[in-house]
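Working through the structure, step by step
Here are the chains, one letter per residue:
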Number of protein chains: 2
Amino acid sequence: MADWQTTVTPAALARLLAGARLPEPPGARRPAYRTLAGQVRLLVSEGRLPVGARLPAERELALALRLSRTTVATAYEALRAEGYLRSRRGSGSWTALPEGAAPPSDALHPVPPDEQGRTLDLGVAALPAPQPFLSEAAARAVEQLPAYAAGHGHYPTGVPVLREAVARRYTERGLPTTPDQILITIGAMGALHLVQRALIGRGDRVAVEAPSYAHTLQSLRIGGARLVPVPYAWPGGPRPVPGSGSGTGPRRGAGGSPQPEWDLSEWRRVLTGAAPRVAYVIPDFHNPTGALVREEQRRELLAAARAAGTVVLADETTAELGWGVPADAPPPRPTAALDRSAQVVTVGSAGKLLWGGLRIGWVRAAPALVRRLATERVYSDVGAPVLDQLIAAELLDERQLPAVRAHQLARLRDTAAALTGALGEHLPQWRFTVPPGGLSFWVSTGTLSGAALARAGEHLGVRIAAGNRFGSDGAFEHHIRIPLSVPAAAVPDAVERLAAVAARAADGGRWHGADDSHPLAV
Amino acid sequence: MADWQTTVTPAALARLLAGARLPEPPGARRPAYRTLAGQVRLLVSEGRLPVGARLPAERELALALRLSRTTVATAYEALRAEGYLRSRRGSGSWTALPEGAAPPSDALHPVPPDEQGRTLDLGVAALPAPQPFLSEAAARAVEQLPAYAAGHGHYPTGVPVLREAVARRYTERGLPTTPDQILITIGAMGALHLVQRALIGRGDRVAVEAPSYAHTLQSLRIGGARLVPVPYAWPGGPRPVPGSGSGTGPRRGAGGSPQPEWDLSEWRRVLTGAAPRVAYVIPDFHNPTGALVREEQRRELLAAARAAGTVVLADETTAELGWGVPADAPPPRPTAALDRSAQVVTVGSAGKLLWGGLRIGWVRAAPALVRRLATERVYSDVGAPVLDQLIAAELLDERQLPAVRAHQLARLRDTAAALTGALGEHLPQWRFTVPPGGLSFWVSTGTLSGAALARAGEHLGVRIAAGNRFGSDGAFEHHIRIPLSVPAAAVPDAVERLAAVAARAADGGRWHGADDSHPLAV
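Residues numbered from 1 in each chain as written. Chains lettered and ligands numbered in written order. Predicted model: local features only at pLDDT ≥ 70, side-chain atom pairs only at ≥ 80, totals over all residues. Heavy atoms only, no water.

**Structural notes on the relation of the copies chain B and chain A**
- The two copies are related by a screw operation: chain B maps onto chain A through 180° of rotation and 0.0 Å of translation along the axis, at an RMSD of 0.1 Å. In short, the pair behaves as if placed about a two-fold rotation axis. Measuring from the rotation axis to each C-alpha of chain B, the shortest distance belongs to B:Ala139, at 3.4 Å. (Least-squares fit on C-alpha atoms with pLDDT ≥ 70 in both.)

Here it is in structure tokens:
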């Protein structure tokens, strides 16, 4: 497509190779071609050599590295066989990633591999991008770029075409919305950060569901808010006592299993008694439980919040992820559709339905608040990236979104089915409710603490999000969140490894010292 | 390239047209085709219709709008003539932007047009993107996207290939740097926001240059920092008394004009006396003055800061913009190259040299601080967008950057020359020093206050950044910042309009009520 390609000179590659240290078993000797191939593989998987970069010709590289041409040729051949290199006569060789290879990773908190070098990240609840939709939308967005490139590229409220697309999607979902009610942000977290800074001061009370989204709870704590947790009710059984881990919680089940609900008498008590500044809720396919709150409950919460003068902050990051809702049932209306007094501020995101790498979210609020947030953000992030906004607008388009959504929901549905089966087989003592949507199962681990599981996991190459991250003050000690981000085909192996972690954790306190406080349970 | 194109259905276009209200002179009547053409033009320029969208066939649109086919055909013909529409037999018609048209704008704080409908934004100091470099790099980045799309897309420290590229660029500039010293952020403002939250508490003292970058000053104020301003020294004349506007300031001049410097005795007094937590400086082509601080002065500041236990926060957003430095002179070394005690934290950005619409900046710091900032940011912006990082890595590549930089510097150099000439002709009483680089001239407006100029400008379609935004507590009342963002060819007209604003401002206090506090002086 472009007539210019990333080309790595022999000298540049030699420099990169010098910095690519392979884990070497002590005393091991391996042929030079295997070392070279292993180094190139490492550079590509860590993203230090971009995918699609043209490598030097064999002869030139041999000269630069003082190796024989045969060594380089054999290394290239090995890389081609593994899928890390592609060649075409006359065009040379360029780097590639094999089908199914892990993408270049962030080095911040890598999962330590087990003895066989395997890792399994169950800390993050997020999907890969829907392909080829993302790449195709990106290519179309690039074609629109020249019109924007003529300006300075700053859009504190958002690029108009995306504000229109988000407003249109709300209207389609049953909530008439105009573009001036939409502020485009850096993901949902950027939206929550802006709203929090504008509406919540140090010492302000904020009512939150228990459990709730770990990162928001932590962000509120950092901002000095006082959290007032309101536990979920579990019909068909007594509410699980946070941290008790007793067997009285929800039962495992397929369709028809009892779904958690808001405990409205508790909500009324908190709203009346504490008059919190804000109530933060995730009514649609809640993180971590996947619960979907009935419209009647939403109405009652809004009435109680209105009486208390409380702003309802509705986090709809997962609202489009109803993979267990019958195809002919209409998706839930946005909570703000029930609002008659402009007291609901909604946060949404392209990060969970589309892709987290886009970093596009939004706030839906009264135009005056949108303008205020836009004015304040010039001192933090200025605005969202233009190209990502154009891509999100393409994917949210009414002629694209149904196919993109179907793709992502089918994936989640398959994983949920595989996970339900595999947990029943390998960890029959764990209890959970199969939710109607969302990105995770919320699992009661019986007598095992989530923190002990997380610690044992760090020794077995498995990252686990312990339940206490989703509660305030040590609640949910005997829970973990299992994300639906693993492909269905990989679920049986993942749950077997989880069972091995559980066995080791049950083995007792031999696994001290590892830190389970990695912050990536997004 | 893609086999799918944005296509606007007749119904969708009818809906958009219904919301496109044209400014209509009272009593005016215009033919239906002109109204239709005007509405489409408005939708395209405001970005509500994306560029490249395929419009309905004439007959279909005529049917949907209940207009004659001739009316629609004439409107399309008018749009084609103006460059807002392109057609090809068999492929239909699609929207376009005419050469030189303004990009879709953000509606937050639009410049109010003058009586002839013209606007001139001198509030923002930022360049358009270097084209075709940006579009070409974006196309190459899209080809790399599939490898990243397989993961969740979260990179709290940054995508490895960009961390490598930024580290390599520092090394090229004389400061050996490894990727683990680099954190990729949402532009320079995102970098400053993270550093500020980590290092500066409420009530902490922060020493700042006077003048300094308006947005950082405001961000520090919002965070509760106590600002300690340290005025610049102007050799060849007494230091201009902030706010005095007396004629003792710098003289207009071409090469050889006296350049402002740090007043080191004042810096030593402040560092010793106030022991500020942080000293925030812009040593390279400073915003707003364009000043370049000599290496010897930097060394002395670092020594004094080290003695005081003060962290030096070096803002290098404009460091690559040395358009007035002789081509054979090496660009200034980064300030951190003079640092022997890891007390310098550097902020950089792709936003000024490349494009603000990319939203890519970075922090260069000790690896431990980089890891801490990355851990804390998961509660604000999580990470920078993947595709923008790949684009920035492409453009910072050692084989791309020289051409990109030459393109942007040539543009700045031409504008600076045109501005020097035009100011001398139309506003001979204003004084300024032609700087060796950066994005603006810092202009002393004599007896006119910058705020009065900004107010008068709002009535004449001209947005002006008043000098007091760049000082703490009302300093620099008789200054304005004139950005180099206008193309050289447009400078004579721009300065004529500025002179008209000055004439009206000099006319006295008749222009009350307009608000000059728009926040977009970036």
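What follows continues from the structure just given.
**Quick look at the side chain of B:Asp284**
All names here are of chain B.
- Within the secondary structure, Asp-284 is located in the loop between strand S9 (278-281) and helix H10 (295-308).
- Polar contacts involving the side chain of Asp-284 include one to the side chain of Arg-298, which spans 2.7 Å.
- Among residues more than four places away in sequence, those in contact with Asp-284 are Ala-291, Leu-292, Arg-298, Glu-316, Thr-318, Ala-319 and Pro-332. (Helix = DSSP H or I, 4+ residues; strand = E, 2+ residues; numbered from the N terminus. Polar contact = N/O pair within 3.5 Å; in protein donor to acceptor, adjacent residues only side chain to side chain. Contact = heavy atoms within 4.5 Å.)

**A few points about the confidence of the model for chain A**
Residues and elements named next belong to chain A.
- When pLDDT is averaged across chain A, the result is 87; 90% of the residues are at 70 or more.
- Overall, residues 238-255 carries pLDDT values under 50, and its contacts beyond four positions in sequence, including any with other chains, amount to 34 contacts.
- Note that pLDDT drops below 50 for residues 510-521; the model gives that stretch 35 contacts with residues more than four away or on any other chain.
- Two numbers describe this predicted complex: its pTM, 0.84, and its ipTM, 0.83. (pLDDT = per-residue confidence, 0-100.)

**Some words on the packing of helix H1 (residues 10-18) of chain B against helix H3 (residues 58-65) of chain B**
Residues and elements named next belong to chain B.
- Where H1 meets H3, the axes come as close as 9 Å, and the angle between the chain directions of the two elements is 55°. One way to sum up the angle between H1 and H3 is to call them oblique. The hand of the H1/H3 crossing is right-handed. Between H1 and H3, the residues in contact are Pro-10, Leu-13, Ala-14 and Leu-17 and Glu-60, Leu-61, Ala-64 and Leu-65, respectively.
- Looking at the contact of H1 with H3 residue by residue, the classes come out as seven nonpolar, no polar and one charged. (Axes fitted to C-alpha atoms, helices over the stretch in contact; angles between N-to-C directions. Parallel < 35°, antiparallel > 145°, perpendicular 65-115°, else oblique. Left-handed = near helix turned anticlockwise from the far one by under 90°. Nonpolar A, V, L, I, M, F, W, Y, C, P; charged D, E, K, R; others polar.)

**Focus on the sheet that holds strand S1 (residues 54-55) of chain B**
All names here are of chain B.
- On the basis of which strands lie adjacent, the open sheet formed by three strands has the order S1-S3-S2 and antiparallel pairing. In the strand order of this sheet, the two ends are held by S1 and strand S2 (85-88), each with one partner.
- Both S2 and strand S3 (residues 92-95) contribute to a ladder of four bridges, which runs antiparallel. Looking at S3, one finds that Arg-88 is bridged to Gly-92. (Pairing = 2+ DSSP bridges.)

**Some words on the packing of aromatic side chains**
Residue and element names in this part refer to chain A.
- All told, the structure shown has ten aromatic pairs over all chains when counted by the stated rule.
- Relative to Phe-476, the ring of Trp-442 lies with its centre 5.5 Å away and its plane at 70°, an arrangement referred to as edge-to-face. Within this pair, whereas Trp-442 is found in strand S14 (residues 440-444), its partner Phe-476 is found in the loop between strand S15 (462-466) and strand S16 (479-483), the two being separated by 34 residues in sequence. The pair Trp-442 / Phe-476 is uniform in exposure class, with both members buried.
- Within the aromatic cluster, the residues linked to one another by ring pairs are Trp-442, Phe-470 and Phe-476.
- Its guanidinium or amino end placed over the ring of Tyr-170, Arg-364 lies 5.8 Å from that ring's centre, counting from NZ or CZ. (Phe/Tyr/Trp six-rings, centres within 6.5 Å; stacked < 30°, edge-to-face > 60°. Buried < 20%, exposed > 50% of the residue type's maximum accessible area, 1.4 Å probe, protein only. Lys NZ or Arg CZ within 6 Å of the ring centre and 35° of its normal.)

**Overview of the interface of chain B and chain A**
- Listed per partner, the contact involves 91 residues of chain B and 91 residues of chain A.
- Summed over both partners, the interface of chain B with chain A comes to about 8000 Å²; 64% of that surface belongs to carbon and sulfur atoms.
- Applying the counting criterion to the chain B and chain A interface returns two salt bridges.
- With a closest N to O distance of 3.9 Å, A:Glu398 and B:Arg15 form a salt bridge.
- At the junction of chain B with chain A, the criterion picks out 13 residue pairs in polar contact (both at pLDDT 80 or more).
- Looking at the side of chain B that touches chain A element by element, the count peaks at 13 residues for helix H5 (residues 133-149) of chain B.
- Split into classes, the residues belonging to the side of chain B that touches chain A amount to 48 nonpolar, 26 polar and 17 charged. (Buried area = accessible area lost by both parts, 1.4 Å probe. Salt bridge = Lys/Arg side-chain N within 4 Å of Asp/Glu carboxyl O.)

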